[in-house]
Amino acid sequence: MASNLDLFGDDAPGHSGRVELGPQSVVLRGYALPQVNALLSGVDAVTEVAPFRHMETPGGYTMSVALTNCGRLGWTSDARGYRYTREDPMTGQPWPDMPAAFVQLAQAAAAEAGFPDFAPDACLVNRYEPRSRLSLHQDRNERDYGAPIVSVSLGMPAVFLFGGDARGDKASRTPLFHGDVVVWGGVDRLRYHGVLPMKDLPHPRLGSRRINFTIRKAG
Ligand code: SIN
Ligand code: FE2
């Protein structure tokens, strides 16, 4: 577990290495750092067409995380449930294309984690602010559990929860920093995961925000 001091060291040189979270899940420390400019330009291009918004859960809550999507399919939530759609329900337009930098990074990270031939078609972009949280959940709206999930973290640090196949299983807590990439798939594909309520630890570049995007094969 990192100390508080480490939470500010995310841009330090040498921020690299692997943390195994399970047999087929790994944190690749700093893996996205060389691509940060292209990734942030990609986020801007996506949110210009499909702005961040706070969706409703089927249970009637408003999510504290704001989200949008890019790629052929986008994840949405409303009173009727969770699902993937081809159009942004807010605009009626197709979700914006997935930026090439997202696809390239996701494929390289997936291969690094033991999943060659990853062909993503969906990317959920989440924006966290202080106190935003994501409760434990499984990513199970995708058709094909053979493909991994690739998760890229930018901005403020967060504490990532990684549990088991049942909601009640004990979850490990791993800090995620600007530039970290997490990949989980195979036997770990349906493990519960989430994010603890965010502390306000402003990032030099992104301020009091964390952007996380998860790249998937949904269709
Ligand atoms: C997610 O599960 O969709 C996001 C995880 C994260 O923000 O690290
Ligand atoms: Fe998730």
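This write-up is about the structure you can find in this document. Bear in mind the structure is a predicted one, so any value in this text is a computation, not a measurement. (Residues numbered from 1 in each chain as written. Chains lettered and ligands numbered in written order. Predicted model: local features only at pLDDT ≥ 70, side-chain atom pairs only at ≥ 80, totals over all residues. Heavy atoms only, no water.)

Considering unusual backbone geometry
Apart from glycine, the bulk of residues carry a negative phi angle, and the bulk of peptide bonds sit in the trans form.
Stage number 1. One non-glycine residue, Asp117, lies in positive phi territory at about 65°.
Stage number 2. With respect to the secondary-structure elements, Asp117 resides in the loop between helix H2 (100-112) and strand E6 (122-128).
Stage number 3. Phi at Arg131 is positive, roughly 80°, even though this residue is not glycine.
Stage number 4. Counting through the fold element by element, Arg131 comes out in the loop between E6 and strand E7 (134-137).
Stage number 5. Owing to a relative accessible area of 66%, Arg131 belongs among the exposed residues under this scheme. (Helix = DSSP H or I, 4+ residues; strand = E, 2+ residues; numbered from the N terminus. Buried < 20%, exposed > 50% of the residue type's maximum accessible area, 1.4 Å probe, protein only.)

Section: the site of ligand 1
Stage number 1. By nearness alone, every residue bordering ligand 1 is listed as Asn126, Tyr128, Leu134, His137, Phe160, His193, Val195, Arg210, Asn212 and Arg216.
Stage number 2. Between ligand 1 and the protein, one listed contact pairs an oxygen atom with a side-chain N or O atom of Arg210 at 2.9 Å.
Stage number 3. Asn212 is positioned such that a nitrogen or oxygen atom in its side chain is 3.3 Å from an oxygen atom of ligand 1.
Stage number 4. Contributing elements (two or more residues each) for the shell around ligand 1: E6, E7, strand E12 (193-195) and strand E13 (210-216).
Stage number 5. Class assignment of the residues belonging to the shell around ligand 1 gives a composition of 4 nonpolar, 4 polar and 2 charged. (Near = heavy atom within 4 Å. Polar contact = N/O pair within 3.5 Å; in protein donor to acceptor, adjacent residues only side chain to side chain. Nonpolar A, V, L, I, M, F, W, Y, C, P; charged D, E, K, R; others polar.)

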